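Coordinate inspection notes
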Amino acid sequence: MGKLNSGVPEGELKNKWVNYKDNIDLVNPANKRNIDVIVVGTGLAGGSASATLAELGYNVKTFCYQDSPRRAHSIAAQGGINAAKNYQGDGDSTYRLFYDTIKGGDYRSREANVYRLAEVSTNIIDQCVAQGVPFARDYGGLLDNRSFGGVLVSRTFYAKGQTGQQLLLGAYSAMNRQIARGKIKMYNRHEMLDVVVVDGKARGIIARNLTTGEIERHSAHAVVLASGGYGNVYFLSTNAMGSNVTAAWKAHKKGAYFANPCYTQIHPTCIPRSGEYQSKLTLMSESLRNDGRIWVPKKKEDVEALRNGTLKAINIKEEDRDYYLERRYPAFGNLVPRDVASRAAKERCDAGFGVNQTGEAVFLDFSSAIMRYGKEQALLKGLDENDASLVKKLGQDIVKAKYGNLFQMYEKIVDENPYETPMMIYPAVHYTMGGIWVDYNLMTSVPGLYAIGEANFSDHGANRLGASALMQGLADGYFVLPYTIGDYLSDDIRTGPISTDTKEFDEAEQQVKEQLNNLVNNKGKHSVDYYHKKLGKIMWDECGMARTEEGLKKAIQDIKSLRDDFWKNVNVPGGINEMNKELEKAGRVADFLELGELFAKDALERNESCGGHFREEYATPEGEAKRNDKDYTYVAAWEYKGEPADAVLHKEELNFENIEVKERSYK
Amino acid sequence: MNLKLKIWRQKDANDKGSMVDYDIQNVSEHMSFLEMLDVLNEELIEKGDDPVAFDHDCREGICGMCSLYINGEAHGPDRMVTTCQLHMRKFKDGDTIYIEPFRANAFPVVKDLVVDRSSFDRIQHAGGYISVNTSGNTQDANAIPIPKDDADLAFDAATCIGCGACVASCKNSSAMLFVSAKVSQFALLPQGQVEAKDRVTNMVNKMDEEGFGNCTNTGACEVQCPKGISLDNISRMNREFLSANLKKS
Ligand SMILES: Cc1cc2nc3c(=O)[nH]c(=O)nc-3n(C[C@H](O)[C@H](O)[C@H](O)COP(=O)(O)OP(=O)(O)OC[C@H]3O[C@@H](n4cnc5c(N)ncnc54)[C@H](O)[C@@H]3O)c2cc1C
Ligand code: SF4
Ligand code: FES
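Just so you know, the residues in each chain are numbered from 1, in the order the chain's sequence is written. Labels are handed out in written order, letters beginning with A for the chains and numbers beginning with 1 for the ligands. Local features in this predicted model are restricted to residues of pLDDT 70 or higher, and side-chain atom pairs are both shown and tallied only at a pLDDT of 80 or more, whereas totals for entire chains, interfaces and linings draw on every residue. Note that water and hydrogens are dropped before the side-chain values are worked out from all heavy atoms of the structure.

1. Some remarks on the interface of chain B and chain A
The cut-off we apply is this: By definition, residues are in contact when any of their heavy atoms lie within 4.5 Å. Two parts placed together each lose some accessible area under a 1.4 Å probe, and the buried area is that loss summed for both. Between Lys or Arg on one side and Asp or Glu on the other, a salt bridge is scored when a side-chain nitrogen of the former is within 4 Å of a carboxyl oxygen of the latter. In protein, a polar contact means a hydrogen-donor-capable atom and an acceptor-capable atom, both N or O and within 3.5 Å, with residues adjacent in sequence counting only if both atoms are side-chain atoms; elsewhere, any N or O pair within 3.5 Å suffices. Strands are runs of DSSP state E lasting at least 2 residues, helices are runs of H or I lasting at least 4, and numbering of each runs from the N terminus.
Across the contact, 71 residues belong to chain B and 76 residues belong to chain A. For the pairing of chain B and chain A, the buried interface totals around 6,100 Å² over both sides, and the portion due to carbon and sulfur atoms is 51%. The tally of links from chain B across to chain A stands at seven salt bridges. Linking Asp55(B) and Arg189(A) is a salt bridge whose minimum nitrogen-to-oxygen distance equals 2.8 Å. Between chain B and chain A we count 43 residue pairs in polar contact (both at pLDDT 80 or more) in total. Taken together, the elements giving at least two residues each to the side of chain B that touches chain A come down to α1 (33-47), β6 (109-111), β7 (114-115), α2 (118-125), α3 (148-158) and α5 (176-187) of chain B.

2. Brief notes about the environment of Met65(B)
When you line up the elements, Met65(B) lands in the loop between α1 and β3 (69-70). Met65(B) sits 97 residues away from Gly162(B) along the chain, and the two C-alpha atoms are 8.3 Å apart.

3. Side note on the domain arrangement of chain B
Residue and element names in this part refer to chain B. As a reminder of what qualifies: Note: domain ranges come from an automatic or database domain assignment. Gly falls in the polar group here, along with every residue not listed as nonpolar (Ala, Val, Leu, Ile, Met, Phe, Trp, Tyr, Cys, Pro) or charged (Asp, Glu, Lys, Arg).
Segmenting chain B into domains produces domain 1 (3-111) and domain 2 (118-248). On a C-alpha basis, the centres of domain 1 and domain 2 stand 29 Å from each other. Across the contact, 20 residues belong to domain 1 and 20 residues belong to domain 2. Between domain 1 and domain 2 the total buried area reaches about 1,400 Å² when both faces are included, carbon and sulfur atoms providing 59% of it. When the buried area of domain 1 at its contact with domain 2 is split by residue, Met-80, Ala-106 and Phe-107 rank highest and sum to 33% of it. Where domain 1 touches domain 2, the interface holds zero salt bridges. Linking domain 1 to domain 2 there are three residue pairs in polar contact (both at pLDDT 80 or more). Of the residues that constitute the side of domain 1 that touches domain 2, the class distribution is eleven nonpolar, six polar and three charged.

4. Some thoughts on the sheet that holds strand β11 (residues 264-270) of chain A
Residue and element names in this part refer to chain A. Basically, it comes down to this: Should DSSP find at least two bridges between two strands, the strands are taken to pair.
Strand order in the open sheet made by the five strands is β11-β15-β14-β12-β13, with antiparallel pairing throughout. A single partner strand is all that each edge strand has here, and the edge strands are β11 and β13 (321-322). Looking at chain direction, β11 and strand β15 (residues 423-432) are connected through five bridges and run antiparallel. Within β15, the residue paired with Cys-270 across the bridge is Tyr-426.

In structure tokens form, the structure reads like this:
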């Protein structure tokens, strides 16, 4: 077991990043022209990094598996992006954003990285506005804010329920400008299938052209992974269908440590599952908890009546409703952080109060908000505030303006009108805090290999606060990596182009081809989805919202046997040298089958509950997560040694010098 | 419900392609259209046949990756939704459903229902951006107030997902709705005005060069657009284009 060095600069917390930037080596513009960088991914992290590196003068090659960089999964982010602008004058500051993030992450993240994130957050908003991102504004023409869970200020900037789309299109436009200048060469419909390491440094990748099936070699002086999260290891999640761990996992196999794989975020407000054929789950943004109140009935007989259709939610009297978040957490109410809200929903449903047929749903109700807004509008417009139907109409208009697209999405899926009856929601897998281990420079344990955005583990500890992933992706790509990578590349100004005609590239290509051949020649009995669904079920049952030693041990065994079965019996139709969507899926599921085991192993090793990682054995009498700071205040970074069972643990101790480590309370 | 599907199958870009019939049983009305195709594909794989290739990713109507021309309509019979948001409750037992790719000269078929929409990206390369560097050292975000109505209109235009339904539903395969959405977003914001004239000229020229047709104001695009992008954007772009090119000549 080794110790890991995070490379955090010396000095006072608030001066670290400034001093660091003042003292790093720079690459002069003429030399940048001779340096190539590969970026895998075009989400907020990869898109912003590609644009900025190209603008600085590097030759950038960027890859994504979709048919256009604009379709990266960041596009789906709904609710907003945080920044410590303090435009509302409600007491926000860099320190408070830092504090909220560390506390929200249950004291399992690295102080210096989080402080830097908070520090650059304000630049993000300036940058995006300059790029033409149409954030929501108030009537005075200034930027509007909303609140997200786990904080007491309004620091979230938003563009209706499409914030991710607007930010990503901003990054995409910045990329387009560089593509037009020839500084980014864009490889759409390409999937990275391996990293190539030469003399201990990352020097390229092997990619498959998903249109033709051709295997390609690409070299560079550094490789940046911005390939997103691995929530799809659960099969059902709010992630896009193609979201995968392949890029990160292949890097792991080439020496990049994988950190805290068990830290997963289960988001409290998603549309419940409906059938066996279901392919994905849909998020209802956390922003809805600004105005929606969560409840279940107090009485079992009302639950029964709801389930058999003899009672409607709107007919349940106020005093018979249990607003359990407001009851349990009076200080934060409906805006407790996600891990807390999800566990509370599970607790009520497990106790038999779930409001739909499957017993796995709670209500998210807008009627109070509709009436509140309606009254305000009636007063503003000089209308009769006692006319209930008028007030309701006015209120609905406001709610529509704020969340219209989310309500429409809900109605299209569920076929019920959420303006009239409360939404039904249930927790679903949403985000992975774990990821590739990186140091302060965002470099992995392989020199020259970087990981940014959701793909790395860095800033959110054991639980991410809402609206902070978009912030981190853009911070990494626009403002952090462009500095840190320069410091590394300053040694490469005389290296010259990296040849792809070497034994390292030969070997990597050979391995990739072998795996693809094995998959298509196997001609087994079961489809790829058959295995993915089975894996998903193991993960959800044993590594979901509540975990136990026994369950995790079982999961490890079950995943291993499932993996063996996959390689014996999977059936992938079609060939290699063509567009073959089943083959793409097969490669991704093969990697999930390895990651899943490491995930369970990590969860088993962590004998405490923290953030999204909840071990039933470690709970307070009130059922809250109970940390063990004495033994587990570290990042678990796993080194690949063959089978996931053989992975070796490296610990990065976390030191808190600027914040008092306390029990995390939202009461 | 039980359905008859007639699906366009085409091995690759060079293949001629044809419609092929499939039967599918026990389709639940709660399934999405793509989940129905997932089930069909599972059955095909089971039988040793080649599954139907189609594009999709987010499955919630935002990435713009899914396409499909269903019973003669881009994204199918429902309004304001993409194919991935279309649910089987819009169909009834015994229906025959025709499923084809989005068709346009500028969107060549890659395989089955998958088309190549990279022409859309190339139009964006021609001017779909504001030339500001990404250093973050711009002015404070609140330095220029923007009237809420302009900001809201810019936002509405910016919600285009680049799916191409407008092109597929236009008898001339025109990309005017798509291009005008981007041009309008920037034209409505002070930040976008500096380069407005070059932007509209370059993007429109590129659109023509990529082989998209002319706009004859039939308005089919607006009807089929899953994001409700308004024809007003086309008028705005026409005004921008005229004024840019009057000044130039
Ligand atoms: C429904 C939903 C709503 C959300 N809402 C919010 C929100 O309101 N606020 C917030 O802060 N966060 C939100 N999040 C989280 C946030 O959207 C993501 O964490 C973030 O966008 C991830 O960005 P990224 O750039 O790291 O990766 P992604 O956007 O996932 O991009 C990954 C990129 O990598 C590419 N890629 C992946 N693997 C390969 C490979 N092997 N080869 C080549 N390319 C590859 C993909 O093509 C893609 O371009 C939400 C997430 C979801 C699922
Ligand atoms: S304008 Fe509408 S139909 Fe056309 S690409 Fe944009 S979203 Fe799709
Ligand atoms: S799959 Fe993303 S819009 Fe349909």
